[in-house]
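Okay, here's what each chain looks like letter by letter:
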Amino acid sequence: MKKITLKWTTGLMLAVILLLSNSCKNNFSEINTDPSVVTDPDPKFLFTYSLNSLQSSGSEWIWENLEQLLRFSEHLTTDPYELSTNINSRYSNYYSNVLPNLIEIRRQIDMKADKERYQKMRAATYIAGIFYGLRVTDLNGSIPYTQAGLGRNDDNYKPEYDSQQKLYDSWLTELNTAIGDLSAASADQVSYGNADIFYRSDWTKWVKLANSMKLRIAVRYEGQDKSKTQAIFKEVMENATGPIVSDADQFAYIDPNNNPIGNDIDYRSVRFATKSIATFLKKTNDPRLPIYFSPNDLTPANLDSLKKYNVALPAFIDKADPLIRYQGGPADWTTDPETAKYYKNTLAAGSAKLVLMSSINKVFFAPRRNGATGTFHDYLVTSAETCFYIAELIEKGYGTGVNTKGSSEEWYKKGVTSSLRTMNAIAVAAQSATGFDQNTIDAQITAYLDQVNVKFNGTNNLERIYIQEYLNFMRLPTEAFTFIRRTGYPKNSSAYYPRDKFNEPIPRRYWVDEPPLGTNNENWLKGQTEQAFTPGDRSVQVLSTQRLWFDKNSPAPGEGK
């Protein structure tokens, strides 16, 4: 830890920030005792800084999302690389840029003589912290939380590592309290105003986010305690405000200057479509196909050139395919090297060198690449995600005795509709290829929902919900990776959406480095051993067999029930 500095953004002093080096990111004593800490920062600026740190950083997108998580989930494929020590930046970010400021806001509010006027501001800090904390535990398991950040005022420099179950239960309690405080009819409440860069202090939207966070926890709880999942689902659906189910309420980071990926979109390797996702998007004529992936070089003119020079297309390409310009290949290149060679090799037609494989749509992911002027809109919690959770839980039977406000099919349709609209909106902001004629978007969505491979058929309804949920997670890699771990979908043996064969071991978690000697080593070791982890082992073989608590009873990849 170096020092506390002040950060200015768009004319606002955002907050006191803690700059952590990788070598000391677990040293909680230094986080809380640096003598240069500003003792009375404005809570509004502290909140802005924490909120500004909730989005995925550029290093997370490059080292984790595009190179690892989306490859493990088979949303895309790319050259396989080691699990670099550059991964897991979210862990240090939580304890340096997110959590300390939120804790400080609560402390400042609790010292005010009129603290009752600040209770809604205080409540929102828990929801923001839980949102990010869930992302951290999703890949790390036990982490400090209930005792984290107590050193500055309580002289506790060695926080315990809370188990994942304890984290979930603590967060559910805090979310319920926050929902109660935010929903209460309270006069003369102070707000963050525009310092709340997500919701502009619209407390109803914060309640909806809290309920959506409860649903994220509910689906993670399912592998360990189905009765708990049902209880949480009932609470959310019977809450007067409910979760995020409207596009206007989505938790979206929309900064016109945001450029997390930029020219690093191809860092170390180009990212391509997998056979499984390309085949399904083509089969259903999905409007997200040109949003997610770029067309290859097989234009009519180039197809004529191939014919002219008597060059045959590879066997995996159907000449009669109306969507021939979108081609995917094996997720694990070693399973089909004959097809995989075209990821890096072109097909010659005279002097032309034709690219056959579809890469990801680079403009959609990196709208400022090579000087372009699009905007990267980052939707951190979508209404589609919530709608699919509701549809999934109803379809599994958790809606018994609950006012679900619709059937699983109705929530499924809402989820699909929202996903199509949101992904299209991201593409429009990015100045990218879109999936719709804007004048007939409603009719196109209706037609999509009415396709035989999209609408409910009474046979594999749950799988259809799962696959649409999966497709929606293209821009939420942590949720995509959590989804495949907890469900085992897409399935290997499916006739509907078969998963690509994947022989490479898939890690089920990341590692948490040991703190510097003499700091919090005992609690770190206790947390690792309680989870039955091999302390300090970063090998993929170990990480692929030692699972987090929520994942203990989950199916193997591709073995969903």
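Cut-offs used in this document
Residues numbered from 1 in each chain as written. Predicted model: local features only at pLDDT ≥ 70, side-chain atom pairs only at ≥ 80, totals over all residues. Heavy atoms only, no water. Helix = DSSP H or I, 4+ residues; strand = E, 2+ residues; numbered from the N terminus. Buried < 20%, exposed > 50% of the residue type's maximum accessible area, 1.4 Å probe, protein only. Polar contact = N/O pair within 3.5 Å; in protein donor to acceptor, adjacent residues only side chain to side chain. Contact = heavy atoms within 4.5 Å. pLDDT = per-residue confidence, 0-100. Phe/Tyr/Trp six-rings, centres within 6.5 Å; stacked < 30°, edge-to-face > 60°. 1 Å grid on protein atoms, 1.4 Å probe; cavity = no way out; pocket = protein on both sides within 12 Å on 5 of 7 lines; lining within 4 Å. Points joined across faces, edges and corners; volume = space filled by probe spheres on them. Nonpolar A, V, L, I, M, F, W, Y, C, P; charged D, E, K, R; others polar.

K.L.:
What exactly am I supposed to notice about the side chain of Asn296 here?
P.N.:
Looking at the secondary structure, you find Asn296 in the loop between α11 (289-292) and α12 (300-308). You can call Asn296 buried: its relative accessible area is 0%. Of note is the side chain of Asn296, whose polar atom sits 2.9 Å from the backbone nitrogen of Leu298. With residues near it in sequence (within four places) discarded, Asn296 still touches Ile324, Arg325, Tyr326, Gln327, Val355, Leu356, Met357 and Ser358.

K.L.:
Help me out: how do you make sense of unusual backbone geometry in this one?
P.N.:
Trans is the common state for peptide bonds, and a negative phi is the common state for residues other than glycine. Here the residue pair Tyr489 and Pro490 is connected by a cis peptide bond, since its omega of -5° sits within 30 degrees of zero. Not every positive phi belongs to a glycine, and Gln431 is a case in point at roughly 60°. Examined against the element boundaries, Gln431 turns out to sit in the loop between α16 (408-430) and α17 (441-449).

K.L.:
Looking at this structure, I do not really get the confidence of the model for the protein chain. What am I missing?
P.N.:
With 93% of its residues at a pLDDT of 70 or more, the protein chain has an overall mean of 92. Within the model, pLDDT remains below 50 along residues 1-33, and this stretch shows 85 contacts once partners closer than five positions in the same chain are excluded.

K.L.:
Explain the packing of aromatic side chains to me, please; I cannot follow it from the model alone.
P.N.:
What characterises a pair of aromatic rings is the spacing of the ring centres plus the angle enclosed by the ring planes. Enumeration over the complete set of coordinates arrives at 35 aromatic pairs. Centroid distance Phe47 to Tyr192: 3.9 Å. Interplanar angle 10°. Geometry classified as stacked. Note that Phe47 is positioned in helix α2 (residues 43-52) and Tyr192 in the loop between α7 (164-183) and α8 (203-221), a separation of 145 residues in sequence. Residue Phe47 is classed as buried on the basis of its relative accessible area, which comes to 0%. Classification of Tyr192 by relative accessible area gives buried; the value is 1%.

K.L.:
Would you take a moment to explain empty space enclosed by the protein for this structure?
P.N.:
If a probe the size of a water molecule is rolled over the atoms, the empty space left behind becomes visible. Counted by the stated rule, this structure contains four cavities of 30 Å³ or more. Empty space within the largest cavity amounts to approximately 140 Å³. Around the largest cavity, the lining is made up of 15 residues, and of these Ser56, Arg135, Leu380, Leu476 and Thr478 lie nearest the centre. Looking at the lining of the largest cavity residue by residue, the class counts come to six nonpolar, three polar and six charged. Its volume calculated, the second largest cavity comes out at about 50 Å³. Considering the residues around the second largest cavity, the lining is formed by Phe72, Ser73, Glu74, Ile484, Tyr489, Pro490, Arg499, Pro557 and Gly558. Residue classes in the lining of the second largest cavity are distributed as five nonpolar, two polar and two charged.

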